[in-house]
Amino acid sequence: MLKTLAYRGRPLAPTRTVERFLFDLDGTITRQEILPEIARAVGMQDEIAALTRRTMAGELPFESSLRRRVEILSQVPVSEVRRIVAGVEIDPHIADFLAAHRDRCTIVTGNLDAWIADLVATLGVDCRSSTALVLGDRLIGLTSVLDKAVVAADYDGAICVVGDGYNDLGLMAAADYGVAYGGVHAPAPGLYDVASHAIFDPERLCELLSAL
Amino acid sequence: MINCAGEGRRLGLGSTKALVSVMGEPLIAWHLRMLRHVDDVVVVVGYQAEQVIGAVRALRPDAIFAFNHDYATTGTAASLAKGCRGATGDVISLDGDLLVHPADFDAFLGAPRPCLGVAPATTTHAVHARVVGENGSTAVVGFNEVGDGLEWTGLLRVPGALVEEAEAGHATRGHVFEMLAPHLPMQALHVRAREIDTPADYDRALEWLAPIAHHWS
């Protein structure tokens, strides 16, 4: 997508704008981390919270951490998880941005398709996620863990990544624009090293994104 | 837009100039007080970015931070370009080491067209400005031509699109005054300001500021 600029009545060279916005889900689009919310609802919050915190900080590899967390939470019926996820608060400014730019936005999350399907449908945008096998109302196990960093290669045009966790770092490093977003908590260590921007206010985030 | 990316080596205090204490507060706090009525504040960060972000967030949680990761090897124009990305109208930019009298800054906010802030030259490493015209209709026609006794303070108001085009044309590799030179003449606005670049500048700025500090409150 190109935009044409003008100064003193003469056209300026067109510059490239963002063709694809890639959003982290947990703690970016949602105002809470989703897995701890599930854990809280079933009384397993301490162990999940510790794993989540260490993963966000880059102290644990995302894949092994996710496998462990899913193992713990897989005893919860999928329908119950979806009910809990449906109650997770969505940032209204980001939801509005997604609705207004549906064809340019993709959610890129390590979370499981089986757990977030309803939430993604509500947001109405494309989603790349980890996948799991479900039989009946039971989650049997992970079938793939999304490596966010490889997603950038799937897009030809300029991309902008918005995220807060250490597992966003590789994708952000490959992006034309990367926003280390601190709407819920401070961005993970290391994101500042690869980000083009840091923003802590959802309204200001969406103002910037709308202009890119 | 406040450019706080540089290392501030000439001041020799071991911290970026935005964090240098001015009458008990970091310098950036003075800027943010001056900008408290401005909705859209962008701070360009580089050296000691995390500390600068922390200091700014405490006062302006809605600020946008733009990173210039190459602060050690690029000039001021690169930082300006980073901060201008996504700008849809005019950009008013000042360097993080510049104290501008708030009343004069307000005049900049009300300026109808591109303009540059000039002041009597007091800075150790001044970018001199040649200014022509009189009675409120003055223009900067050249940089680094000593003679008028005026320096460009680094304060500017230009369309963000101008900077965007300069970046596309690789004209943001050096200093902002070099980037602006092809666009002269530009309206000159006289401002009361002090730049803090060296220890001597710092002392002069504090002396200048002490009797007028209430204008920032």
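Since this is a predicted model, take the numbers as computed values, not measurements. What you see as residue numbers is a count from 1 along each chain, following the sequence as written. As a convention, the first chain written is A and the first ligand written is 1, with the rest following in written order. pLDDT decides what is reported in this predicted model: residues at 70 or higher carry local features, side-chain atom pairs at 80 or more are listed and counted, and totals for whole chains, interfaces and linings draw on all residues regardless.

Peer 1: How would you sum up the overall build of chain B? Please name residues and give values.
Peer 2: Helix numbering and strand numbering both begin at the N terminus, where a helix is a DSSP run of H or I of at least 4 residues and a strand a DSSP run of E of at least 2. When helices and strands are tallied, chain B shows 7 helices and 13 strands. Taken over C-alpha atoms, the radius of gyration comes to 16 Å for chain B, in line with the 17 Å a tight globule of 217 residues would show. Counting only C-alpha atoms and orienting by the principal axes, one finds that chain B spans roughly 40 × 40 × 30 Å. Burial statistics for chain B: of 217 residues in total, 49% are counted as buried. Each residue gets a C-beta atom placed from its backbone, and two residues are in contact if those atoms lie within 7 Å. The contacts of chain B with a sequence gap of at least 6 include a subset with a gap of at least 24, amounting to 70%. Each radius of gyration is computed over the set of C-alpha atoms, and the globule rule expresses the reference value as 2.2 Å times the number of residues to the power 0.38. Think of it as a crowd count around each C-beta: if 20 or more other C-beta atoms lie within 10 Å the residue is buried, if 12 or fewer it is exposed, and in between it is partly exposed, with C-beta placed from the backbone throughout.

Peer 1: Just give me the short version of the confidence of the model for chain A, but keep the residues and values in it.
Peer 2: Residue and element names in this part refer to chain A. Here chain A averages 89 in pLDDT, and 92% of its residues register 70 or above. Per-residue confidence from the predictor is reported as pLDDT, a score between 0 and 100. Across residues 1-7 the pLDDT falls below 50, and counting only partners more than four positions away or on other chains, this stretch makes 22 contacts in the model. Long-range and interchain partners of residues 10-14, a stretch whose pLDDT sits below 50, account for 12 contacts in this model, where long-range means more than four residues apart.

Peer 1: Any chance you could break down the confidence of the model for chain B for me, citing the residues and the numbers?
Peer 2: Averaged over every residue, the pLDDT of chain B is 90; the share at 70 or more is 95%. Reported for the predicted complex are a pTM of 0.91 and an ipTM of 0.92.

Peer 1: Describe in detail the packing of helix α3 (residues 76-84) of chain B against helix α5 (residues 160-168) of chain B, supporting the description with residues and values.
Peer 2: All names here are of chain B. Note on geometry: axes are lines fitted to C-alpha atoms, helical ones only across the stretch in contact, with angles between N-to-C directions running from 0 to 180 degrees. Taken N-terminus to C-terminus, the directions of α3 and α5 make an angle of 120 degrees; their axes are 9 Å apart at the nearest point. Relative to α5, α3 is oriented oblique. In the packing of α3 onto α5, the handedness of the crossing is left-handed. Contact with α3, carried on its side by Leu80, Ala81 and Cys84, involves Gly160, Val163, Glu164 and Glu167 of α5 and no other residues of that element. Angular relationships are summarised with four words: roughly parallel below 35 degrees, roughly antiparallel beyond 145, roughly perpendicular across 65 to 115, and oblique for the angles in between. Note on convention: near helix rotated counterclockwise from far helix by under a right angle means a left-handed crossing. Clockwise means right-handed.

Peer 1: Kindly report on the nonpolar core, identifying the contributing residues and their values.
Peer 2: The term nonpolar core refers to a group of buried residues, namely Ala, Val, Leu, Ile, Met, Phe, Trp, Tyr and Cys, whose C-beta atoms join them within 7 Å. The biggest cluster of nonpolar side chains holds 126 residues, and the ones touching the most others in it are Cys160 of chain A together with Ile28, Val43, Val45 and Val52 of chain B. When near neighbours in sequence (up to four residues on either side) are disregarded, Ile28 of chain B contacts Cys4, Ala18, Leu19, Val52, Ala55, Val56 and Gly96 of chain B.

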